[in-house]
Amino acid sequence: MDKLQIKGGRTLAGTVDISGAKNAALPELCAALLTADPVTLKNVPRLQDVTTMLKLIRNMGVTAEHSPTEPGSIGIHAGTLSSPEAPYELVKTMRASVLALGPLLARFGEATVSLPGGCAIGSRPVDQHIKGLQAMGAEIVVEHGYMLARLPKGQTRLKGCRITTDMVTVTGTENFMMAASLAEGETILENAAQEPEIGDLADMLIKMGARIEGHGSRRIRIQGVERLHGCTHQVVADRIEAGTFLCAVAATGGDVVLRHGRADHLDAVIDKLREAGATVTAGDGFIRIQAQGRMKAQSFRTTEYPGFPTDMQAQFMALNAIAQGSSTVTETIFENRFMHVNEMVRLGAKIQIEGKVAVMEGVERLSGATVMATDLRASASLVIAGLVAQGQTVVDRIYHLDRGYDQMEAKLRGIGADIERVKS
């Protein structure tokens, strides 16, 4: 397994390009299954999860090819789809594969999808997906680790209905929105997730001919249509990648411009960075952060968008670890999302866990050591910690990092970090 070798202590300066969002690209690849027409996605990030999703849809008989002339552009043609099945071998590493369920069921009237895997950050059950699609008329059973879904005999389309989930679920909202686009009648999603990636997916579906209103709010209304057509769509910039680089600069000090960054998607994170002492300015298609000296520790609580994102919790904790003062971090979304703490403690951080709360006392410096990544965002937090630690830090098991960050070490090296990938 590859490792990252980091020599800490350098400030960061320059410009870095923010890639397309993983959490938008994955559902949008599944949305291409809703039509027999060609679909082109642009600004698709080069990530392991994207590679896995492409393998998944190709395994169904879909044609999906990278453009030879335009990096990040992928042409998908699901008119050749012959097998509406997502097998365990391809699903086990990536939870987002559940997003194939709604489109396959809506277009083909049947789907066989393995129960998904992904990061070990806590329970993320698919029961909300099953309940919502059953409310739309699907017959779904779970057998031998698979969700077997079909329309009742004699029924050719899903039926529009009102779906109110027990909790806010991003992938659930996306699955229902895609399925409802081809359903008969009106579907209303109550308690819908509001993440920017959902709005981006809705924009793509609307280009394909879907009739959707209210995306970005707690209630989304979809009028089903009989068929969708192809489109060309550009994946929105990755707000979590942008937030990760903002935290890295705040921790190390420096002056960096994030090209293609969307500040309006990061209000909660940017507010905390400004309170910590960083200067953050933004305009059309860029975010600039300037930081000098130790930041001031900030307490925060993760919650659904537009609150502080759980996907930024670990990275901001790396900043708090070397900030002035004490802080508390409360994780309300996933029960196992403090697994990076033990590794940060190995670097010299002072953190104690009390249930869902991490109590932190900032230290003046961290000390380089070998640490092990446990999940995607934990990997990023350990990289940030390594950038500020004295001496050398080695981050092991970075295949987690490659699932969600497009060439992170190359981008950091481009703005002054001393970081190298060591091939195993």
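In this report, the structure presented in the accompanying data block is examined. Owing to the predicted nature of the structure, the values given are computational and were not obtained by experimental measurement. (Residues numbered from 1 in each chain as written. Predicted model: local features only at pLDDT ≥ 70, side-chain atom pairs only at ≥ 80, totals over all residues. Heavy atoms only, no water.)

### Overview of the pairing of strand β17 (residues 286-291)
- Only one face of β17 is buried, namely the one carrying Ile 287, Ile 289 and Ala 291, since none of Phe 286, Arg 288 and Gln 290 on the opposite face is buried.
- One ladder, built from six bridges, connects strand β15 (residues 254-259) with β17; its direction is antiparallel. Each bridged residue has a counterpart across the sheet, and for Arg 259 the counterpart in β17 is Phe 286.
- As judged from the five bridges shared by strand β16 (residues 279-283) and β17, these two strands associate in the antiparallel manner. Looking at the pairing, Gly 283 lines up with Phe 286 of β17. (Buried < 20%, exposed > 50% of the residue type's maximum accessible area, 1.4 Å probe, protein only. Helix = DSSP H or I, 4+ residues; strand = E, 2+ residues; numbered from the N terminus. Pairing = 2+ DSSP bridges.)

### Let's talk about the side chain of Thr 169
- Note that Thr 169 resides in the loop between β10 (162-164) and α6 (170-181).
- Among the residues examined, Thr 169 registers a relative accessible area of 10% and is labelled buried.
- Within the local environment of Thr 169, its side chain forms a polar contact with the backbone nitrogen of Gly 172, the two atoms lying 2.9 Å apart. (Polar contact = N/O pair within 3.5 Å; in protein donor to acceptor, adjacent residues only side chain to side chain.)

### Brief notes about the pairing of strand β21 (residues 357-361)
- Of the two faces of β21, the one holding Ala 358 and Met 360 is buried and the one holding Val 357, Val 359 and Glu 361 is not buried anywhere.
- Sheet analysis places strand β19 (residues 326-330) next to β21, joined by five bridges and oriented antiparallel. Opposite Val 329, over in β21, you have Ala 358 as the bridge partner.
- Direction of pairing for strand β20 (residues 350-354) relative to β21: antiparallel, over a ladder of five bridges. Directly across from Glu 354, in β21, lies its bridge partner Val 357.

### What to know about the layout of surface pockets
- Counted as a void, the second largest pocket has a volume near 390 Å³.
- If you go around the second largest pocket, you meet 18 residues; those closest to its centre are Ile 18, Ser 19, Gly 20, Asn 43 and His 260.
- Its residues placed into classes, the lining of the second largest pocket shows seven nonpolar, seven polar and four charged. (1 Å grid on protein atoms, 1.4 Å probe; cavity = no way out; pocket = protein on both sides within 12 Å on 5 of 7 lines; lining within 4 Å. Points joined across faces, edges and corners; volume = space filled by probe spheres on them. Nonpolar A, V, L, I, M, F, W, Y, C, P; charged D, E, K, R; others polar.)

### Observations regarding the sheet that holds strand β23 (residues 392-396)
- Strand order in the open sheet formed by four strands is β22-β23-β1-β24, and the pairing between neighbours is mixed. A single partner strand is all that each edge strand has here, and the edge strands are β22 (370-372) and β24 (418-422). Direction aside, neighbouring strands of the sheet carry axes that sit 20 degrees apart on average.
- Relative to β24, strand β1 (residues 3-7) is paired through five bridges, and the arrangement is antiparallel. Residue pairing for β24: Ile 6 is matched across the bridge by Ile 419.
- The strands touched by helix α12 (residues 376-388) within the sheet are β1, β22, β23 and β24, with β1 carrying the most contacts at an inclination of about 30 degrees. (Axes fitted to C-alpha atoms, helices over the stretch in contact; angles between N-to-C directions. Contact = heavy atoms within 4.5 Å.)

### Some thoughts on empty space enclosed by the protein
- Scanning all chains against the criterion turns up one cavity of 30 Å³ or more.
- Considered as a void within the structure, the largest cavity measures approximately 40 Å³ in volume.
- Ile 163, Thr 164, Thr 165, Thr 173, Phe 176, Leu 189, Glu 190, Asn 191 and Ala 192 are the residues that line the largest cavity.
- At the level of elements, β10, α6 and β11 (186-190) are the ones that each hand at least two residues to the lining of the largest cavity.
- Among the residues forming the lining of the largest cavity, the class breakdown is four nonpolar, four polar and one charged.

### Details of the pattern of salt bridges
- This model, assessed by the stated rule, comprises 25 salt bridges.
- For Arg 403, the salt bridge goes to Asp 49, with nearest N and O atoms at 2.8 Å. You can see Arg 403 sitting in the loop between α13 (399-402) and α14 (408-414) and its partner Asp 49 sitting in helix α2 (residues 48-59), a full 354 residues away along the chain. Of the two residues, Arg 403 and Asp 49, both sit in the buried class.
- Ionic pairing is found between Glu 420 and Arg 413, a salt bridge with its closest N-O pair at 3.9 Å.
- The partly exposed category is assigned to Arg 413, whose relative accessible area is 35%. (Salt bridge = Lys/Arg side-chain N within 4 Å of Asp/Glu carboxyl O.)

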